[in-house]
Structure formats: C-alpha cells, structure tokens
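# Geometric and topological summary
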Amino acid sequence: MSAIETAPETLKIPLTAESLSPERIAYLEGLVSRARTAAAVFTQFTQEDVDRIVRPMVLAGLEQAQNLARLAVEETRLGVMEDKVIKNMVASEFVYDYVKDKRTVGIIREIPERNLAEIAEPIGVLFSLTPITNPTSTVLFKCIVAIKTRNAVIFSAHPKAWRCCSEAVKIMYETAVKHGAPEGIFSCLESPTLLDNTYLMKHKDIGLIDATGGPGVVKAAYSSGKPALGVGPGNTPVYLEKSADVNTAVVDIIISKTFDNGTICASEQTVVIDDEIYDATLDKFAELGAHICNEEETKLLERTVIDPQTGFMQPMAVGQKATDIARFIGLAAKPNTKLLIAPIRGVGREHPLSVEKLFPVLAVYRAKSVADALKVCIDVNHAGGLGHTAVIFSRNDEVIRKFGEVINAGRIIVNSPGAIGALGAVYNDLVPTFSFGCGTGGGNSTTDNVNIYHYLNIKRLARRTQNHMWFRVPNQIYFNMNAVENLGQFPSRCTIIVTNPAMEQIGHVGIVRRHVCPKTHIHVLVIPDAEPEVKVVRQGVEALNFYKADQIIALGGGSVIDAAKIMKLQYESPDADLEELAAPFLDLRKRVVEYPTEKANRARLIAIATTSGTGSEVTPFAVLTDKERGRKVTLADYSLSPDVAIVDPQFVMSMPKGLTADTGIDCLTHALEAGVSNYASPYTDSSAIQAIQLAFKYLPAAYQNPQDEEARCMMHNAACIAAMAFSNASVGVNHALAHAFGARFRVAHGRANALMLPHVIAYNAAVPTKFMPSPYTQGYVAHRKYASFADLLGLGGDTVEQKVQNLLAAIEKLLDQLEFPRSIAELGISKEEFEKAIPDLVKAAFDDPSWRSNPRMPLMTELVELLWKAYHGRGAGKAAEQARQGGAV
Amino acid sequence: MTVHMATTAAFLKIEEQHVLSALQQAGAKLENVNGETALDFSSVSRIDARALQALEEFARIAHEKGIKVVIRGASVDIYKVLKLVKLERSFSFVS
C-alpha cells in the first residue's frame, strides 16, 4: 500500500526460514498455537456472542482514534494527524455500520427460490501484514472484521510502525477479551523480521495471509502457497473531462491528494485534463493553494522525489507535506501550498512523475481529445496501477461508461475524491475497507473492497431441487370410430392435406375431404411414403406459401405427420435453421437452441394417424432426412406438436399384418420405456400403464384378425396414449439400439425394437453397473416398476424378481404370437457382418439421445453385450436368470 | 473365544461451570487409575482455551501412564473444537 514497501529490496524476501533461531521458532510456534486454540474455541460462539464483542471494540477504536493517530504520526513521521484520526474513525464507525447487522455465524443467507443456504465457516488463524502508511486504521479495521467473523489474527506490523500498531492491537485485544473473546485471539509479532514473516506465511496452521503493503509483501504472500489476500500498490489515473464541474473536481482532488499527505494508495496520481478546460483547471488549482510547477521545477521534482535507478518514488517524500517536500528539494513555493502540480507530456520511465506518488505531488497532462485522454489514462493504469483505483470527473454518461470499460480498476470513482471514495461508505456505497483488492491485474485474487466476506469460508447448503415437470399434449384429441367428423368444426380458408400415395389410392383422402369445414379451399400435397427429406419439406413450404394456407391436415403414418410438422415450422418461421434446431441437448429447460416464437404465418396442424404405433399425432418430435448431406436430424420441441390429433380407427382397418405387428410393438416399447424412464411422473405413468394393458390385450387380436374393430380401435388408442407418455417421459436404451440397428440394416423400427426388448428389460431390471444421475427419481425403481406392470397384467409372481421374469415371459410370448423373428441372426445377417458393424452400432446408439432418460446408464461394453444378446435371440429366460443373479436393487 | 471387557477404572462427570477445575482434579487422580478412564462431557456445551489446555495436559499424563481416555457425550461442537486443535486423536469417543 505504500512507497516504503515498494522499495525493490523487499522483493527479496527469503522463502526459507532456515536462519531462525530455535528460540525464535518456539516464540512463533507459541503465537500460532495460542491463535489456533483461540480460533477453535471461537467456533462455538453464536452471532449474538460475536456482536456483543464487536460493538465495544468499535467504541474503543473511536475513543482511541486520536491517541492512535498521534502515536502513528510520531512513530512513522508520515501523514497528517487530523486525517489519521478520521481514518481511525472510519475504520471503526463506518466499518461497524456496514457489518453490524450482517450475519457472519451459522446460516448467513437463505435463498429459498434456489433451495440454497449459505453458511459461514471461519478461516481460523490469519496472518496479517500491515503497512506503514495506514498503520493503526488498518489494524482497527482488521481486528473488527476478524472478530465479526470469529477468526484469530497474528499481526506483523511494518517495523517502522510497530509501536503504534501493537498499541492498536492491544486496545482491540483487551476490549475483545473483556467482552468474551477467547484469549489469544490477537497477537502482534514483536520485532518482526522478514524471516518471521516467511516462517508464518508457510505455517501449516495459518489459514489465510492478509497482506496489505507493497509488491514485495504481496508477492511473498502469494508465493507462500497459502491462500492470500494480497493488496498492493496503485497508480490512480484521473480523467477530468470537459463537461465536468471543474470547481468540484479541483476541490475533490485536493481533498483526496492531500488527505494524510497522500498516503492512501487510491489517491490521485496523474490528472488527465481535456484541452478545453486545462488552463481553467490549473488556475483553479492555483487559486485553491496548489503550486503549478514550471518546466524547470518539474524536472527538479523528477530528479528528487523519484528514484532514478528504480523509477519508484523516494521513501523520504512519502507522507510529507507539500511545503516540506518543496523546501527539502529547493523549490520555491508559498508557505500555504497544499499541493505541487507538475505538468507531464507522457507516461513511462521517460516521464518519472507518471508513477505512484504517495505524497502531495500530482502530475497533470493536457489531452487533445477524449481518445487521447483515455489512452493516457490507460497508460497510467498500466504503469503500476492495474486493478486498483481510477477516477473520472464528467457529466457525460457515455464518456464515464467508456472510461469504466477501458480502465482496469477494482474501483472506478465518479465525480468524487479517489482516496476517500475508494475507502467506501463516505462518498458512495462501496463496502468500507482498508484493503483494496486489485484483481489479477495487481496479482490479487479479488477486485473487491476487502471486508467480512473475505474472512469467511462461505459454504453452500444445496438442497435437492425437484425441477418442475410437465405433461404436454395437444389440447384436442378426438378418438374412436369416425372421429374424423370433428374436422368440420375447424374453420379454414385454405387447407393443405399432406399425405402419401397410398392414402389417396385407398380413398382415405376422400374421407378427409368430405369432413373438412365447408367452403374451405382444399389442396392435396402427396409426398413419398418415406422419412421426410429436406427437398420434400421445401416443396411443402412452397405450397403453403403459394396458397397462403391456414390449416394443414397430415394424413398418414409417422413420416407424413413428421413432414407436416416441419413444413409448418418453416412456413410459420421461414428463418428457422433446421440444422441448428436439431442441436443435441440434455435437458429441455437448459437447451442452447430455442425454437422461434415469432410467426410470419400461422397454420393449424391437424394430424390424422393411419398407423397405430409412432403416435406422431401427439408427439413433439420430427425426423428429417437430409440426403444431400447423408444424414438425419431429429427435431424435438413442444411447438412441433400438432394442434389437433384425430385417432380414428377407420384409417387403420386396412393395415397389413406385418405393419400391425411392427407398429404395435413400437407402441408397447414406447409405453414400457416411458414407464421406467427417469423422467416418468404419475402423469406419464398413468398413460404408460394404460397403453401396456391395451397392447397386451388387443395387439394379438388386431394382428390375427385385422377386421376386429374393437381391437383396432383400442390399439389405435394405445399408440396415442403411449405417445403421450413418451412425449413427456421420453424413451430409453431400447430405442437407442433400435435406431442404430434399424438404420444400419434397414430393419423396420418396430421390428428392431422387438429384437431388443426382452434383453433391455432384463438389463434395466438388474443392478446397474452405473446409475443414471437424475434429480427426478428417488432411488432405483425400474425393477419394481416392471414388477408393477406384471401385477397389472395379472402375470403372477411373489417377488419382484419373479414378476420381472413373468413380464419377460409374457413379452416373449407376445412376440411369438406376432410371428417376429426372434433373433437378428434369423434376419439373415451373418455373424461376421454383425461383428463388423458392432463398433458403428455402439457409437450410433451412444450418440442417440433416447437413452438419456433410461433408468440405467449404459456403458459401451454393455451396449455391445445387448446387441449380441439380440443377435443370438431368445434371451428372455437367460436374461431373466441373469437379472436374478445380479439381484434386484 | 474369550472376550475381555475393558475395565473403566475411573469415571468423571464434567460440569459446564467447572470444566477447568474438574479436569485438573481428574489429572491429579490419574495416579490411581489403571487401564482406562472416562470423562463425561454430556453437560458441557462450550469449552474455553484454558479448559483445552487442561485437557491437553490430562491427555499427556494419561498417555505417559498408558491410560486410555474415553470422552463420553461430547457435543459435535466440542468435538469440532478438539479436531481443530488436533486434540481429538488423544481420546476415544463414545456417545
């Protein structure tokens, strides 16, 4: 903090303590031991205990302010007695005003909306180095803050300020102990040496070093390997901008720069003045008692108050009056001169007065423009003042903002005195302090005004947060036979029916046309019956734009409905970047990419499903194939969900058997995976359970007797209900594997699901190798949920393990009824071909977002095992056996 | 297999108001103790620096005589104080 500490020799603080005598080591160990015991005892104190001690300490500080100030000036021969009284009072009263109502013991802050609480933990024993420039005020400040935070402090005072510091420590200590503080809570090193400091800085029982001083002390503190608050020197630039109130600025600068003869390191060092007000400003300075140096006098100052070798200020000038400095160097100034002002033409070694000067000598610079002024201020800031303090006088908010942006200072003081402004709580609402954090620019760990929170370890009590969940589905779902008649209630000027060729051929488009609201212009867009391609979507959007459609009816399976969802997205938000919207995410609430909410056009999307599996009529997902780039993108957002879903079984009565089985088992897989998902909720469970029951009951009938209207109707409902479940709870590993395998070997999605299903259930029902982190679930419940599904299906079993096995057996039986191939090998895929594909399959499955909600986190090796089990097939019994052996959780 | 029960040769209840004197007295009585001694801290809510010193001295003497010292009923706060001054390693704790 002072020039004295900036002397280069202090940079050579030894980092070993080998030369300490055994007696000295015993003395230092005694201090640490007492402090450690005191700090330990102090941990038992309550907030009320602490506050009962702090108040009388503050009163003692105020009472002794004058006495301590006198002692400090007598001993150090620096500064102004009256100003030191003020500093002592600020260090007591203003600091108390800030800390008195603050909690520093136990829970100090509750943040209920984040389920967090902050708890104070004292540091223990601090080793505190105090400066020569502000000796007693710094001690008062640190003692009050230490007691408030239940810490013990060993002080090492600057040797030239030891007597006044040790007196301040004694006053604080005696008052604290008298009011209940533990004995040994403060101590002051007698005859401190650099070796002592080094020893204590490295001591294992010292929790924090609080070093207020020059760069040598700060560097030693930071080099010690201990946590440290190192607060070093500054070089405060001041910008006096042309819009400023010159009278106020000049008075403020004089107040600050002469306060305690300029010993506060935040005081003004170089004032950069706009050309337009430069002369008037200097006149005002002169009028109020400053001596404006001519060129010769400036050169004299440069030679005398700055050390030509080091470029630092001369210790002899620190804290001295302007008149004394003038007399000492032979400069003719009036007897009442407050300040010596030296015009300079630049910053750096060739302009010696541009450095920190902790005495009433101020450099001034005439700036040609705002840009010139800011550049010079930056130069001063970088000439030893990084991170410390800067000052601006201006009425121009734009200039003030710019100054704040370009100057690297922890405190940027506006229209007020730098030194007193930086101390806080007098001219502004900064936290009151006698230690200025200078950030990384100053080699410090903080830019804050150091105060109570820097003397605490603040612990965060983070309670488990149950994030909000949701159940989102289209708000209108019409189901059962002839539900399509509900189309008539949706008025439309122009409707586009998106469908595939088969729907037209078998007359389904005609049925839809008949039920659309009368007087609607209807256009039919027939697209290929395949996963939608970019090209197809583009054509659809062109059609929507051409007809200015206000309604889209998607009639078809998942591919058609997906295409319509993306067409709607691009129609309503032409700037939507599908590639970007498909960016992966882990949690919907925190996803990086947001779907557009502003709409250029608006169209209602009605989805009429013609298969009973994907449930795309209610899901927020759509898959797009980009053949040009050879890739697929999956879009997921609730804004993609259709506005209306029509689940009319008349459109599925003609589904071929194979498609019935494939889509039906897809529906069952959706329900089973949503049922055990980490995102499952009572809302999704009710849908999942219902869909599982419906699928087991009606899927065999729908498969064996396609004209069974009830079975068709119930499977159609089951698919939609399962989709409502997985739209909100997602799916799992089964889908991840099926996506990878189906894409590689061109196997229908439902069929791929069927091949994996028994193995994945057995896998999820066993003790996980790795649990999946999930704030939504309480414990591992997948096996129990499978057992509950078995109960609902009436499958019997006495234990969870038996019930899981019975569920697996029922699934095997269902798959047999649906005449599914029961192994990948049965599809005609050779072992060699499959083995070759395994690495790609595992990579693709692991990249698939589907498994992120799986109750068990899949290891890649486990994915390999699952794929091989599916290859060999008929694994249910075996898998169940393994589940039993693994043991349920 | 034979199980040898440890014998508590001395048991001393420490009162909140007299921690220091009680520990000093207990220290003096260690001369007559063999094997194990127990200090009951269940009535003590806070411990000060002098009591800590006395406890440290007590532990030292007990250690020299090969006596195991059991502290019973120490609150978590007191246990933390002993931990901070690294004194907890000199004792066994039972609740």
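None of the values given here were measured: they were computed from a predicted structure. (Residues numbered from 1 in each chain as written. Chains lettered and ligands numbered in written order. Predicted model: local features only at pLDDT ≥ 70, side-chain atom pairs only at ≥ 80, totals over all residues.)

### A short note on the overall build of chain B
- Of the regular secondary structure elements, chain B holds three helices and four strands.
- Taken from N to C terminus, the helices and strands of chain B fall in the order β-α-β-α-β-α-β.
- Radius of gyration (C-alpha) of chain B: 13 Å, near the 12 Å computed for a compact globule of 95 residues.
- Projected onto its principal axes, the C-alpha coordinates of chain B cover approximately 45 × 25 × 20 Å.
- Here chain B, with 95 residues, has 27% of them falling under the buried criterion.
- Counting only contacts in chain B whose residues sit at least 6 apart along the sequence, the fraction spanning at least 24 positions is 79%. (Helix = DSSP H or I, 4+ residues; strand = E, 2+ residues; numbered from the N terminus. Rg over C-alpha atoms; globule rule 2.2 N^0.38 Å. Buried ≥ 20, exposed ≤ 12 C-beta atoms within 10 Å, placed from the backbone. Contact = placed C-beta atoms within 7 Å.)

### Quick notes on the confidence of the model for chain A
- Looking at chain A as a whole, its pLDDT mean stands at 93, while 96% of the residues score no less than 70.
- Overall, residues 1–15 of chain A carries pLDDT values under 50, and its contacts beyond four positions in sequence, including any with other chains, amount to 53 contacts. (pLDDT = per-residue confidence, 0-100.)

### Examining the packing of helix H29 (residues 831–847) of chain A against helix H30 (residues 860–872) of chain A
Residue and element names in this part refer to chain A.
- Remark: H29 packs on H30, axes separated minimally by 10 Å, with the N-to-C direction vectors making an angle of 130 degrees. Regarding the angle of H29 to H30, the classification is oblique. Considering only the axes of H29 and H30, their crossing is right-handed. Contacts between H29 and H30 involve Phe834, Ile838, Leu841, Val842, Ala845 and Phe846 from the first element and Met860, Leu863, Val864, Leu867 and Tyr871 from the second.
- Grouping the constituent residues of the contact of H29 with H30 by class yields eleven nonpolar, no polar and no charged. (Axes fitted to C-alpha atoms, helices over the stretch in contact; angles between N-to-C directions. Parallel < 35°, antiparallel > 145°, perpendicular 65-115°, else oblique. Left-handed = near helix turned anticlockwise from the far one by under 90°. Nonpolar A, V, L, I, M, F, W, Y, C, P; charged D, E, K, R; others polar.)

### What about the pairing of strand S17 (residues 494–499) of chain A?
Residues and elements named next belong to chain A.
- For S17, the tally of buried residues reaches five of six residues, placing the bulk of the element in the interior.
- Note: S17 against strand S18 (residues 521–526), six bridges, orientation parallel. The residue bridging Thr495 from the neighbouring strand is Ile522, located in S18.
- Relative to strand S19 (residues 551–556), S17 runs parallel, the two sharing five bridges. The residue of S19 that forms the bridge with Ile497 is Ile553. (Pairing = 2+ DSSP bridges.)

### Let's talk about the interface of chain A and chain B
- Tallying the contact residues gives ten residues for chain A and ten residues for chain B.
- Residues that form the side of chain A that touches chain B fall into these classes: four nonpolar, four polar and two charged.

### Quick notes on the environment of Asn115(A)
Residues and elements named next belong to chain A.
- Locating Asn115 in the fold gives a position in the loop between strand S1 (106–111) and strand S2 (116–122).
- Sequence separation of Asn115 and Thr281 is 166 residues, and the distance between their C-alpha atoms is 55 Å.
- Excluding residues within four positions of it along the chain, Asn115 makes contact with Ala462, Arg463 and Thr465.

### Considerations on the sheet that holds strand S23 (residues 644–647) of chain A
All names here are of chain A.
- Taken in spatial order, the six strands make up an open sheet running S16-S23-S20-S19-S17-S18, and their pairing is parallel. The open sheet has two edge strands, strand S16 (476–479) and S18, and neither has a second partner. Ignoring which end each strand starts from, the neighbouring axes of this sheet average 15 degrees apart.
- In the packing of helix H19 (residues 534–547) onto the sheet, contacts are made with S17 and S18, and the angle to S17 comes to roughly 165 degrees.
- Against the sheet, helix H20 (residues 558–572) makes contact with S17, S19 and strand S20 (604–609), and its axis sits at roughly 160 degrees relative to S19, the strand it touches most.

### Thoughts on the nonpolar core
All names here are of chain A.
- Membership of the largest hydrophobic core comes to 175 residues, with the highest contact counts inside it found for Cys143, Met172 and Val272.
- Broken down by element, the residue count for this core peaks at nine residues, all from helix H7 (residues 162–178).
- Taken domain by domain, this core gets at least three of its residues from each of domain 1 (45–231) and domain 2 (236–427).
- Core analysis: the second largest hydrophobic core is formed by 130 residues, Ile497, Ile566, Leu672 and Leu699 among them. (Core = buried A, V, L, I, M, F, W, Y, C linked by C-beta atoms within 7 Å. Domains from an automatic or database assignment.)

### Some remarks on unusual backbone geometry
- If you check the backbone angles, Asn115(A) has positive phi at about 60 degrees while not being a glycine.
- Exposure remark for Asn115(A): the 13 C-beta atoms within 10 Å place this residue in the partly exposed category.
- For Lys86(B), which is not glycine, the phi torsion reads 60 degrees and is therefore positive.
- Looking at the secondary structure, you find Lys86(B) in the loop between helix H3 (76–84) and strand S4 (92–94).

### Overview of the environment of Lys599(A)
Residue and element names in this part refer to chain A.
- Relative to the elements of secondary structure, Lys599 occurs in the loop between helix H21 (578–581) and S20.
- Under the C-beta neighbour-count criterion, Lys599 is labelled exposed, with 12 such atoms within 10 Å.
- When the C-alpha atoms of Lys599 and Glu572 are compared, they prove to be 5.0 Å apart, with 27 residues separating the residues in sequence.
- Leave out the neighbours within four places in its chain, and Lys599 touches Glu572 and Ser573.

### Some details on helix H9 (residues 215–223) of chain A
Residue and element names in this part refer to chain A.
- In terms of burial, H9 is a largely internal element, seven of the nine residues being buried.
- Along H9, the residues classified as buried are Pro215, Gly216, Val217, Val218, Ala220, Ala221 and Tyr222.
- Looking one or two residues past H9, Gly225 carries a phi angle of roughly 90 degrees, positive in sign.

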